[in-house]
Amino acid sequence: GTLDVSASNYAITLAGDWSNSGAFTARTGVVTFDGADQQVTGTTTFSSFSKIVSSGQTLTFGAGETQTITGTMTLLGVANATGQRLLIRSSVPGTLAQIDPQGSRNVQFVNVLDNKNINVSPIVPVDSIAGAEVANVFGWHFAGLVNGTVYGTDGVTPLSGATLVASKNGNPTSAEVTTDNDGNY
């Protein structure tokens, strides 16, 4: 079926999970996720998307699916509280979920793992960290985290499966990542 927020652009507030197996007509309404740990599955285009928590919670996106936000994306954990960040995860650990925030972003106090921002503009969250598997977070720029794209000698062709070893002051470290199919690390 089709869920249409109508020409009045009604907002949706959801305490449970979002599962899109049909069609959703977002118009300019905001979808607010206000439940505890929540999951978003089924590729969906939202106008505005909001998840604001007052205690540590997890927002899980469907692995291999893309969630597009054409308006404002708000993802807020709790400021300066140990263990109270909003965790952004994929439904299948090790498999990327994709997000395409096309409008403004308000992202703070999050911990991200297994997520790829496919928008050309990186997500720059405030006071946030990448999860333990930093190699599986793309298009997010965290303080102290380096990411980018590796190209071949022609400067145009992305290198897939390239292994990069980090060094500090010219000395190799144990940090090692492999580029994805698009040359991203």
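Below is a summary of the structure that appears in this document. If you're wondering where the values come from, they're calculated on a predicted model, not measured in any experiment.

Once that is clear, we can look at the overall build of the chain. Each helix and strand in the chain was counted, giving 0 helices and 20 strands. Within the chain, the fraction of its 185 residues that count as buried is 39%. When contacts within the chain are restricted to residue pairs at least 6 apart in sequence, those whose partners lie at least 24 apart make up 38%. Just so you have it, the chain exposes about 9200 Å², and 50% of that area is on carbon and sulfur atoms.

By the element assignment, Ser54 lies in the loop between strand S8 (48-52) and strand S9 (57-61). Along the chain, Ser54 and Gln84 lie 30 residues apart, while their C-alpha atoms are 7.7 Å from each other. When sequence neighbours within four positions are dropped, the list of residues in contact with Ser54 reads Val78 and Gln84.

Here we take up unusual backbone geometry. Even without being a glycine, Phe109 presents a positive backbone phi close to 55 degrees. By the element assignment, Phe109 lies in the loop between strand S14 (105-108) and strand S15 (110-112). In this model, Asp114 sits at a positive phi of 60 degrees, which is unusual for a non-glycine residue. In this fold, Asp114 is placed in the loop between S15 and strand S16 (115-117).

Next up on the list: the sheet that holds strand S5 (residues 30-33). Taken together, 5 strands build an open sheet; the order of strands is S2-S5-S8-S11-S14 and the sheet is parallel. Looking along the sheet, the strands with just one partner apiece sit at the ends: strand S2 (12-14) and S14. Averaged over all adjacent pairs, the angle separating strand axes in this sheet is 15 degrees, with direction ignored. Pairing between S2 and S5: 3 bridges, direction parallel.

Attention now goes to the packing of aromatic side chains. Scanning all chains against the criterion turns up 8 aromatic pairs. Taking 6.3 Å as the distance between ring centres and 75 degrees as the angle between the ring planes, the aromatic pair formed by Phe33 and Phe46 counts as edge-to-face. Placement of the pair is Phe33 in strand S5 and Phe46 in strand S7 (residues 44-46), with a sequence separation of 13 residues. Among the residues examined, Phe33 registers a relative accessible area of 0% and is labelled buried. Within the aromatic cluster, the residues linked to one another by ring pairs are Trp18, Phe24, Phe33, Phe46, Phe49 and Phe61.

In this section: the sheet that holds S16. The strand order across the open sheet formed by 5 strands is S7-S10-S13-S16-S18, and the pairing between neighbours is parallel. The open sheet has two edge strands, S7 and strand S18 (137-138), and neither has a second partner. The pairing of strand S10 (residues 66-69) with strand S13 (residues 97-101) spans 4 bridges and is parallel. Counted as the bridge partner of Thr68 is Asp100 from S13.

Conventions used here
Residues numbered from 1 in each chain as written. Predicted model: local features only at pLDDT ≥ 70, side-chain atom pairs only at ≥ 80, totals over all residues. Heavy atoms only, no water. Helix = DSSP H or I, 4+ residues; strand = E, 2+ residues; numbered from the N terminus. Buried < 20%, exposed > 50% of the residue type's maximum accessible area, 1.4 Å probe, protein only. Contact = heavy atoms within 4.5 Å. Areas by Shrake-Rupley, 256 points an atom, 1.4 Å probe, with all protein chains shown as cover. Pairing = 2+ DSSP bridges. Axes fitted to C-alpha atoms, helices over the stretch in contact; angles between N-to-C directions. Phe/Tyr/Trp six-rings, centres within 6.5 Å; stacked < 30°, edge-to-face > 60°.

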